[in-house]
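# Structure at a glance
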Amino acid sequence: MRVLVTGGAGYVGSVSVEALVAAGHEVVVLDDLSRGHRAAVVDGARLVEGSYGDAPLLRAVLAATPVDAVLHCAARSLVGESVENPALYYRENVGGGVTLLEGLREAGVRRLVFSSTAAVYGEPTSLPIREDAALAPINPYGETKRSFEGALRWYAGAYGLRSVSLRYFNVAGASERNGEVHDPETHLIPNVLRAVLGLRALTVFGTDYATPDGTCIRDYIHVEDLARAHLLALDATAPDDPRTSGPDGAASALALNLGNGGGFSVREVLAAAELATGAAIPHGIGPRRPGDPPVLVADAARAREVLGWRPERPDLAEIVASAWAWQQDHPAGYPD
Ligand code: UDP
């Protein structure tokens, strides 16, 4: 199948492109390289430099290279930035997202897999979090992801768009080729590894949570396990597939959590990093980071049932070790 991947030069996108190419699919990456990296796009995929929110460009790309399905990974994705500059998040994640949907509608593309997030749930009222939990995001990032999920539901009924929204929990680790580089980097595991390399100071945000060791618990999932789920989700958008069909057989939108279903505390991540690197992790203790819920853990049973997906690398030590291997190979990130 021929697949358009928006954000295919980013972290999750580039590893998903690797998986698509390895499975024999033809891939066109659409990425404006504002946060993605040219070098992250594996040989065998074609990179078009530009934005999914650029209607004329999208029209030209889809006319020149008709695609069967879209993997929509591109988005603004920093919680703090979204609070400071919600306009940017609404303009790109929602406005740009609708431009993408309109381009697909015009081109007759009716299959889409969307990178959503656990941030759509906000502060969970029960754990582990199931897909039918209330969607109550507490920042513009989560809100704009929820808005796009909503658009997918309405586009299904009105225009026959089949979609799967994948609600990622804490994506971590690296493939041999691609790893995590954000600027600024806010995520725990890359920050821990950079602290080992002496590239930055690490602060543990809060040790007074109501958790066994006082630090926050998160559900870390290996980026390659996540990538495999995208391929399975694309299959589920095939015409007439019952997984994206309503009771009347018409197209519908599905949402699935992607996590390991188990949680690790910040201190457990530091211990895993000590094992992986063989070094003590230099760190300080700081106050809680605003907006961090104490525990976020997925109930990922639905993804297992519906997609037949299983995390193959749920082990935290292995996740951190893969990130460490990549970090050592790329101490300065990507060449560009
Ligand atoms: N965290 C931390 N120090 C850092 C980055 C993160 O203590 O430099 C903590 C953060 O407070 C949270 C957990 O690590 O409890 C995971 O944070 P991350 O930003 O990786 O993911 P999030 O769960 O916020 O999406």
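The text that follows walks through the structure, step by step, so that each part is easy to find. (Residues numbered from 1 in each chain as written. Predicted model: local features only at pLDDT ≥ 70, side-chain atom pairs only at ≥ 80, totals over all residues. Heavy atoms only, no water.)

### Some thoughts on the overall build of the protein chain
- When helices and strands are tallied, the protein chain shows ten helices and 14 strands.
- For 336 residues, the compact-globule estimate of 2.2 N^0.38 gives 20 Å, and the C-alpha radius of gyration of the protein chain, at 19 Å, lies within 12% of that figure.
- Its C-alpha atoms give the protein chain principal-axis dimensions of about 55 × 45 × 40 Å.
- Put simply, the protein chain has 336 residues, and 53% of those count as buried. (Helix = DSSP H or I, 4+ residues; strand = E, 2+ residues; numbered from the N terminus. Rg over C-alpha atoms; globule rule 2.2 N^0.38 Å. Buried < 20%, exposed > 50% of the residue type's maximum accessible area, 1.4 Å probe, protein only.)

### With respect to the side chain of Thr 6
- Looking at where Thr 6 falls in the secondary structure, it is placed in strand 1 (residues 2-6).
- Once you skip the residues sitting within four places of it in the chain, Thr 6 turns out to touch Leu 30, Tyr 52, Leu 71, His 72, Cys 73, Ala 74 and Leu 100. (Contact = heavy atoms within 4.5 Å.)

### So, the packing of aromatic side chains
- Counted under the stated rule, the structure contains three aromatic pairs.
- Here Phe 114 and Phe 148 contribute two aromatic rings whose centre-to-centre distance is 4.6 Å and whose plane-to-plane angle is 50°, an arrangement assigned as tilted. In this pair, Phe 114 sits in strand 5 (residues 111-117) while Phe 148 sits in helix 5 (residues 140-159), placing the two residues 34 residues apart along the sequence. We note that Phe 114, like Phe 148, is buried.
- Aromatic pair Tyr 155 and Tyr 159: ring centres 4.9 Å apart, planes at 70°, arrangement edge-to-face. Taken together, the positions of Tyr 155 and Tyr 159, both in helix 5 and four residues apart, correspond to about one turn of that helix. (Phe/Tyr/Trp six-rings, centres within 6.5 Å; stacked < 30°, edge-to-face > 60°.)

### Examining the site of the ligand
- The immediate surroundings of the ligand are formed by 15 residues, with Leu 188, Thr 203, Arg 218, Arg 289 and Asp 292 found nearest.
- Taking Arg 289, its side chain carries an N or O atom lying 2.8 Å from an oxygen atom of the ligand.
- Out of a free accessible area of 510 Å², the ligand has 87% covered by protein chains.
- Counting residues per element, the shell around the ligand draws most heavily on strand 8 (residues 203-205), which supplies three residues.
- Considering only residue class, the shell around the ligand consists of seven nonpolar, five polar and three charged. (Near = heavy atom within 4 Å. Polar contact = N/O pair within 3.5 Å; in protein donor to acceptor, adjacent residues only side chain to side chain. Areas by Shrake-Rupley, 256 points an atom, 1.4 Å probe, with all protein chains shown as cover. Nonpolar A, V, L, I, M, F, W, Y, C, P; charged D, E, K, R; others polar.)

### Section: the packing of helix 6 (residues 188-196) against helix 10 (residues 316-329)
- Where helix 6 meets helix 10, the closest approach of the two axes is 10 Å, and the angle between their N-to-C directions is 55°. As far as their axial angle goes, helix 10 and helix 6 are oblique. Helix-helix and strand crossings are classified by hand; for helix 6 and helix 10 the assignment is right-handed. In this structure, helix 6 uses Ile 189, Leu 193, Arg 194 and Val 196 to contact helix 10, whose residues at the interface are Val 320, Ala 323, Trp 324 and Gln 327.
- Here the residues of the contact of helix 6 with helix 10 sort into six nonpolar, one polar and one charged. (Axes fitted to C-alpha atoms, helices over the stretch in contact; angles between N-to-C directions. Parallel < 35°, antiparallel > 145°, perpendicular 65-115°, else oblique. Left-handed = near helix turned anticlockwise from the far one by under 90°.)

### Details of the sheet that holds strand 12 (residues 264-265)
- An order of 12-9-14 is seen for the three strands of this open sheet, with the pairing classed as mixed. With partners counted over all chains shown, the strands left at the sheet margins are strand 12 and strand 14 (295-296), one partner each.
- Examined bridge by bridge, strand 9 (residues 217-218) and strand 14 share two bridges and lie parallel to one another. Opposite Ile 217, over in strand 14, you have Val 295 as the bridge partner. (Pairing = 2+ DSSP bridges.)

### Examining the environment of Ile 221
- Position of Ile 221 among the secondary structure elements: in strand 10 (residues 220-222).
- Remark: the alpha-carbon pair of Ile 221 and Val 41, spanning 180 residues in sequence, is separated by 22 Å.
- Among all residues touching Ile 221, those that are not within four sequence positions of it are Asn 170, Val 171, Ala 172, Leu 226, Leu 258, Gly 259, Asn 260, Trp 309 and Ile 319.

### Re the nonpolar core
- Of all hydrophobic cores here, the largest spans 39 residues; its most connected members are Val 5, Leu 20, Val 164, Leu 166, Leu 258 and Trp 309.
- Within the residue set of this core, elements represented by two or more residues are strand 1, helix 1 (11-22), strand 2 (26-31), strand 4 (69-72), strand 6 (162-168), helix 7 (223-235), strand 11 (253-258) and helix 9 (301-307).
- Ranked by residue count, the leading element in this core is helix 7, at seven residues.
- Not counting residues within four places of it along the chain, the set of residues in contact with Trp 309 comprises Ile 221, Asp 225, Arg 228, Ala 229, Leu 232, Leu 258, Gly 259, Ala 300, Ala 303 and Arg 304. (Core = buried A, V, L, I, M, F, W, Y, C linked by side-chain atoms within 4.5 Å.)

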